Every structure is written in C-alpha cells, then in structure tokens.
Amino acid sequence: MANIVEVRNLKLGEGIPKICVPLVGKTNEEILEEAKFLKNVKFDLIEWRVDHYENVEDLEKVKEIVKALREEVGETVILFTFRSKKEGGELEVSDEYYAQLNKTVAETKLVDLVDVELFTGDEIVKDIVETAHNNGVKVVMSNHDFFKTPAKEEIISRLCKMQDLGADLPKIAVMPNTSEDVVTLLAATEEMSTKHANRPIITMSMGGLGLVSRLSGETFGSALTFGAAKAASAPGQISVDKLATILEVMHESK
C-alpha cells in the first residue's frame, strides 16, 4: 500500500482519486477569472499551467500573480506547472530558467506542489526538489509521451526513477495508438502501485482511446486524475462534473 501524501486538507492516495483542474489563462485577468469560475465546480486541486501565461519569463510578474491567485482560491491546493514544449506545453525555456522559475515560486510558499519534468536532467531535478522540500512544497515529478506508449517495464522504470529522485508523486502520461497500449499503461500502474511504489502515483493514457485510464484510478492505483472546467490542458480530459460523477459511481461499486 502506497503511503498517503497530505497537502493542506487533501489526502492523495486515499479513497476516490482526486480531481485536478487546469488553469490555462494567458493574462492575469483570465487566470483570476478562471479561478473565480471554479467556485461553482466540484474538484480537489488546481494546476496552474504557467507555460500559458504571457509573462512567464518575468519572475516578478509570476510572483505577483501567484500571490493574487492564492488570495483568490484561499485554502485550495495549487499545483504549479511549467510544461515544456517537448512534453506538450506551450513554450520552451532554458534549463537554467526552468530551474530558477520553479525554485523561485517554491520559495514564495504560496503554492503547494510544483511539477518537475523527469528528463530535465538529474542534477537540475534534484536541485528543484531540494528547494521545494526545504520550503514545505511537495513535488509531482512527471513524464509525458505524446506519441506512443512505452513498454510496461519502461513505464515502471521511469516511475521508480522518479521515486529515487525524491518525487512525492511520480506521474506519467502516455499516448495510446491501440487499445493494447491502454492495457499496457493500466498493467504498469497496477504493478507499480502494488509492488514498487512507497508513495501515491499518477498515471494516464491520453486521448479518447485512453479515457478509461482517467476513470479507473481507484481500481488500478492512480491517485489523481485531470478534468476540464473550461478548457482542457491535454487530450482526453472530460468535463470535471462528468468525471466526478463517474468516479463516485465506481467508488460505490467497489
């Protein structure tokens, strides 16, 4: 049984998979408007996709909007994510700036989690993880393959490496080209969660073909899923309302 990760009032790795909703606004106004909209939506945590933000390369402006976002959402858990272009994001920045951005935001203590991409480089990853943990911020370590689904052994290997590098929540998202690819992702999730993980993990198969993986986390061992409130941030995300209903039905059926 993987350990539970507690963030504010949220327990990840326990019961129904938690629902994360992305904020993908480009301006301060759009970001705060999205956050206001979420007050009438059922979800568990926010992922601020800062790679969509028009001033992402200005650290002072990033810190200002982080502060405004925290004031707007109160005690809601915030996951801070700069998704690189090579892993499906909007922008590419230097590794040095990527590290500086994540460390600066962690040091504000205004976010609860930061997303760190596994293949940024081990030393950079370790540096960000250390800074985050020193400031009481947890780390979602991630890897995204928008073209294919690696072999089961490779998926497990990447998740194990994330554990070794200090991830609080290892995460992998892969693209299926066949239904067998979806089965591969689910089998890797089950094996990782039952045999290797000593913390909650997050996995998903993307696109319409992989939708079942976003719904069956409680069965196979994924602690978190992503749903769209206004705009989706990845292929295959369904509306958060539908997602919450389906997860509850599956939980009651266990």
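- Looking at an unreviewed UniProt entry, one finds the protein chain named 3-dehydroquinate dehydratase and attributed to Intestinibacter bartlettii.
- You can read under Catalytic activity (unreviewed entry) in the UniProt record for the protein chain the words "3-dehydroquinate = 3-dehydroshikimate + H2O".

Looking at the overall build of the protein chain
- Per the secondary structure count, the protein chain includes nine helices and 10 strands.
- Computed over its C-alpha atoms, the radius of gyration of the protein chain comes to 17 Å, within 12% of the 18 Å expected for a compact globule of 254 residues.
- Its C-alpha atoms give the protein chain principal-axis dimensions of about 45 × 40 × 30 Å.
- Within the protein chain, buried positions represent 55% of all 254 residues.
- Intrachain contacts of the protein chain at a sequence separation of at least 6 include 74% that bridge at least 24 residues.
- Accessible area for the protein chain stands at about 10,900 Å²; split by element, carbon and sulfur atoms hold 50% of it.
- Positive and negative charge centroids in the protein chain, built from 30 and 43 side chains respectively, lie 2 Å apart.

Things to note about the environment of Asp 115
- Its location among the elements puts Asp 115 in strand 6 (residues 113-117).
- The residues touching Asp 115, leaving out its near neighbours within four places in the chain, are Leu 79, Phe 80, Thr 81, Arg 83, Tyr 98, Asn 102, Val 140 and Ser 142.
- Here Arg 83 takes part through its side chain, which lies 3.0 Å from a polar atom of the side chain of Asp 115.

Quick notes on the packing of aromatic side chains
- All chains considered together, the criterion is met by three aromatic pairs.
- On the basis of an interplanar angle of 70° and a centroid distance of 5.6 Å, the ring pair of Trp 48 and Phe 80 is categorised as edge-to-face. Remark: Phe 80 occurs in strand 5 (residues 77-81) and Trp 48 occurs in strand 4 (residues 45-49); sequence separation between them is 32 residues. Phe 80 shares its class with Trp 48; the two are buried.
- Seen in terms of ring centroids, Phe 82 and Tyr 98 are 6.1 Å apart; in terms of plane orientation they differ by 75°. Their pairing is edge-to-face. With Phe 82 in the loop between strand 5 and helix 3 (95-108) and Tyr 98 in helix 3, the pair connects residues that are 16 residues apart, well separated along the chain.
- With relative accessibility at 0%, the residue Phe 82 sits in the buried group.

Some details on the environment of Thr 27
- Within the fold, Thr 27 resides in the loop between strand 3 (18-23) and helix 1 (28-37).
- Classification of Thr 27 as buried rests on a relative accessible area of 17%.
- What Thr 27 contacts, discounting residues up to four positions off in sequence, is Tyr 53 and Glu 54.
- There is a polar contact of 3.0 Å between the side chain of Thr 27 and the backbone nitrogen of Glu 30.

Overview of the pairing of strand 9 (residues 202-205)
- In strand 9, alternate side chains face the same way, and those of Ile 202 and Met 204 on one face and Thr 203 and Ser 205 on the other are all buried.
- Pairing analysis gives four bridges linking strand 8 (residues 169-174) to strand 9, with the strands arranged parallel. In the sheet register, Ile 172 faces strand 9, and the bridge partner there is Thr 203.
- Where the polypeptide runs from strand 8 across helix 6 (residues 179-196) and back to strand 9, its parallel neighbour, the crossover connection is right-handed.

Some words on the UniProt feature "active site" (unreviewed entry) in the protein chain
- UniProt records the feature "active site" (unreviewed entry) for His 144 and Lys 171 in the present numbering. In terms of the greatest pairwise C-alpha distance, the residues named above, spread along 28 residues, form a tight cluster of at most 8.6 Å across.
- Within the secondary structure, His 144 is located in strand 7 (residues 138-145).
- Sequence-distant contacts of His 144, that is, excluding residues within four places in its chain, are made with Arg 83, Glu 87, Lys 171 and Ala 173.

Reading the values: rules and limits
- Residues numbered from 1 in each chain as written.
- Predicted model: local features only at pLDDT ≥ 70, side-chain atom pairs only at ≥ 80, totals over all residues.
- Heavy atoms only, no water.
- UniProt positions renumbered as here; feature names shortened; annotations may be inferred.
- Helix = DSSP H or I, 4+ residues; strand = E, 2+ residues; numbered from the N terminus.
- Rg over C-alpha atoms; globule rule 2.2 N^0.38 Å.
- Buried < 20%, exposed > 50% of the residue type's maximum accessible area, 1.4 Å probe, protein only.
- Contact = heavy atoms within 4.5 Å.
- Areas by Shrake-Rupley, 256 points an atom, 1.4 Å probe, with all protein chains shown as cover.
- Lys, Arg positive; Asp, Glu negative; His and termini not counted.
- Charge placed at Lys NZ, Arg CZ, Asp CG, Glu CD.
- Polar contact = N/O pair within 3.5 Å; in protein donor to acceptor, adjacent residues only side chain to side chain.
- Phe/Tyr/Trp six-rings, centres within 6.5 Å; stacked < 30°, edge-to-face > 60°.
- Pairing = 2+ DSSP bridges.
- Right-handed = clockwise from strand over helix to strand, strands pointing away.

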